[in-house]
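What follows is the residue order along each chain.
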Amino acid sequence: MRFAGILPFLAAALAVPFDASNSDDAIKLMQNILSGIAPKAATPEFLNAAVVQLPQFVGDTNAPAPAPQKEVIPEFVAPVAESSSAAAPVSDSKTSAAAAATTSAAAPSPVVPSTTASPEVPVTSAAPIASSIDVPIAVPTSVVIVAPAPQSADSSSTVAPQPSPIPSTPDTSNNDKARIVIYTNDLSDAILSTKYTHINVNFWNREYNDWTIDARKFQAAGKKVLISAYGGGANPTSNGNDAAEDARLLAEFVQRNGLDGVDIDWEDDPTLGKGGEQWLIKLTRELRARLPSPQYLISHAPQGPHFSPGLYSGGAYITVDKEAGDMIDFYNIQFYNQGGTAYDDCQCLLFKANGWAPKTSVFEIHQNLGIPLHKLVVGKPVTQAGVEGGSTGYMDPSGLTECFRQAGRQGWNAGAMGWRFGLDTDGTWAEELSKSLAM
């Protein structure tokens, strides 16, 4: 039979002894085939070369699934949660090429994500890549990042992005400390042992521009020494002074004498609403350009009513502060010599001004105009003798101290200004007020 002709081949394939002339062997072979108990066939030698070695998990339902691969976030995009560990370190441009050379042999070819990503967020791979641009920029993830422009191929160093210029602003490092300012035309050694922190030497004008001030011993004692310009009776705007030229002369005076800054005691009121405000704004801007903060201080000494809304057609110091207030460190406000707006008790001085200049108490100026409390220094005559012509505004030190305590409980600690040292040569006024101020 034809089937018998293939038995030898089956026997050989199954490695079963078989004698074609022995019918018993043929019967046993057939029984083994039919019963399924034939010995497991060995792979013929000639088939070994064709066996394909598949990965362990292919076709093996018990093999573990491959571990998920973490998405690599570009170094300059701030990572969220724990993804920061997945980002490849960024090296200095001088070492990045060498590092890439040593890792490229062992590293697998990088898998490049889809190029459909936003062009504003560069896509990177997990493998280190040599580049002359390695500038990490940490930013909030909510901000859209624009990739830095590529540098030339021969760049030898990394050029970090430059920050925007910061506008010159007054020094705010000591905003939590009160000042006690005093005006004097005699820089006496007696001031050295007092609580006065700022000394305003009065007064400068163009006719008095050549004198000399030696402030070194006072500065060594921790005090600031400023030149105060103009004062009552001086009318620089009415007289036609050029504000820019006055600023130049004042700045040179400050620098020539090694002073800490300038105080502007401008009292040319008839020009308010007629160019006076713009003159002051120009003067202040020119001064700040020549006397940069925080190296130099600039203060002004307006009168309380200069902050009254609607009182002056040009706005007086409301306009000055709006246009140049960020260049002024603080105001030595003259809360005296104002007649019916007396500022002679805590209510009128601090909370609700009375008389002809409403809304000019300390907290009203702060609340209505937004001027920070730390810039509103309360100016007072040291004694009744400091009040002109029997006018108003004087308060005895004990009453003023109580007002300062009340103001302090509501966040004010700017300090006091006194007119003038000739009325407090032993420093008792400053000593008394210092007890209610955080110095």
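Before reading further, recall that the structure is shown in the block above.
Predicted model, so just to flag it, every value in this text is computed and none were measured.

A. Fine view of the overall build of the chain. The secondary structure content of the chain amounts to 11 helices and eight strands. Classification of the 439 residues of the chain by burial places 38% in the buried group. Considering only contacts in the chain between residues 6 or more positions apart, those separated by 24 or more positions represent 71%.

B. Fine view of helix α9 (residues 362–369). Burial in α9 covers these residues: Val 362, Phe 363, Glu 364 and Ile 365. If you follow the buried residues of α9, they end up packed against β6 (330–334), α8 (346–351), β7 (376–381) and α10 (397–408). Looking at the residues trailing α9, positive phi occurs at Gly 370, about 75°.

C. Looking closely at the environment of Lys 435. Structurally, the position occupied by Lys 435 is in the segment after α11 (428–434). For Lys 435, a relative accessible area of 55% translates into the label exposed. Here the alpha-carbon distance between Lys 435 and Arg 405, two residues 30 residues apart in the chain, equals 9.3 Å.

D. Examining the sheet that holds strand β2 (residues 198–204) more closely. Strands sit in the order β1-β2-β3-β4-β5-β6-β7-β8 around a closed barrel of eight strands; the barrel is parallel. Neighbour-to-neighbour, the strand axes of this sheet turn through a mean angle of 25°, independent of strand direction. With four bridges joining them, strand β1 (residues 179–184) and β2 adopt parallel strand pairing. Looking at β2, one finds that Val 181 is bridged to His 198.

E. Just the nonpolar core, in detail. Judged by nonpolar contacts, the single largest core of 80 residues is most densely connected at Ile 227, Ile 264 and Trp 412. Not counting the four nearest positions on each side in its chain, Trp 412 is found in contact with Val 362, Phe 363, Leu 373, Leu 376, Val 378, Phe 404, Ala 407 and Leu 437.

F. The packing of aromatic side chains, seen in detail. Applying the stated criterion across every chain, the model contains 13 aromatic pairs. With 6.0 Å between their ring centres and 50° between their planes, Phe 307 and Tyr 317 make a pair best called tilted. Within this pair, whereas Phe 307 is found in the loop between β5 (297–300) and α7 (317–324), its partner Tyr 317 is found in helix α7, the two being separated by 10 residues in sequence. Centre to centre, the rings of Phe 404 and Trp 412 are 5.0 Å apart; their planes meet at 45°, and the pair counts as tilted. The class of Trp 412 is buried, set by a relative accessible area of 2%. In textbook terms, an aromatic cluster arises when at least three aromatic residues are bridged by ring pairs, as seen for Tyr 183, Phe 203 and Trp 419. Stacked on the ring of Phe 330, the Lys or Arg Arg 179 has its end atom at 4.3 Å from the ring centre.

G. Main features of the state of the cysteines. The final tally for this structure, using the stated rule, is one disulfide. Each sulfur of the disulfide joining Cys 346 and Cys 403 lies 2.0 Å from the other. Taking the sign of the torsion about the S-S bond as the criterion, the disulfide between Cys 346 and Cys 403, at about -95°, is left-handed. Of this pair, Cys 346 sits in helix α8 while Cys 403 sits in helix α10, and the two are 57 residues apart along the sequence.

H. Up close: the pairing of strand β3 (residues 224–230). Counted residue by residue, β3 has six buried out of seven residues, so it is predominantly covered. Note: β2 against β3, six bridges, orientation parallel. Across the sheet, Asn 202 pairs through a bridge with Ser 228, a residue of β3. Bridge analysis of β3 against strand β4 (residues 261–265) gives five bridges, and the strand direction is parallel. Counterpart to Ser 228 in the pairing with β4 is Asp 263. As a crossover connection, the stretch from β3 through helix α5 (residues 243–256) into β4 is right-handed.

Cut-offs used in this document
Residues numbered from 1 in each chain as written. Predicted model: local features only at pLDDT ≥ 70, side-chain atom pairs only at ≥ 80, totals over all residues. Heavy atoms only, no water. Helix = DSSP H or I, 4+ residues; strand = E, 2+ residues; numbered from the N terminus. Buried < 20%, exposed > 50% of the residue type's maximum accessible area, 1.4 Å probe, protein only. Contact = heavy atoms within 4.5 Å. Pairing = 2+ DSSP bridges. Axes fitted to C-alpha atoms, helices over the stretch in contact; angles between N-to-C directions. Core = buried A, V, L, I, M, F, W, Y, C linked by side-chain atoms within 4.5 Å. Phe/Tyr/Trp six-rings, centres within 6.5 Å; stacked < 30°, edge-to-face > 60°. Lys NZ or Arg CZ within 6 Å of the ring centre and 35° of its normal. Disulfide = S-S within 2.5 Å. Right-handed = clockwise from strand over helix to strand, strands pointing away.

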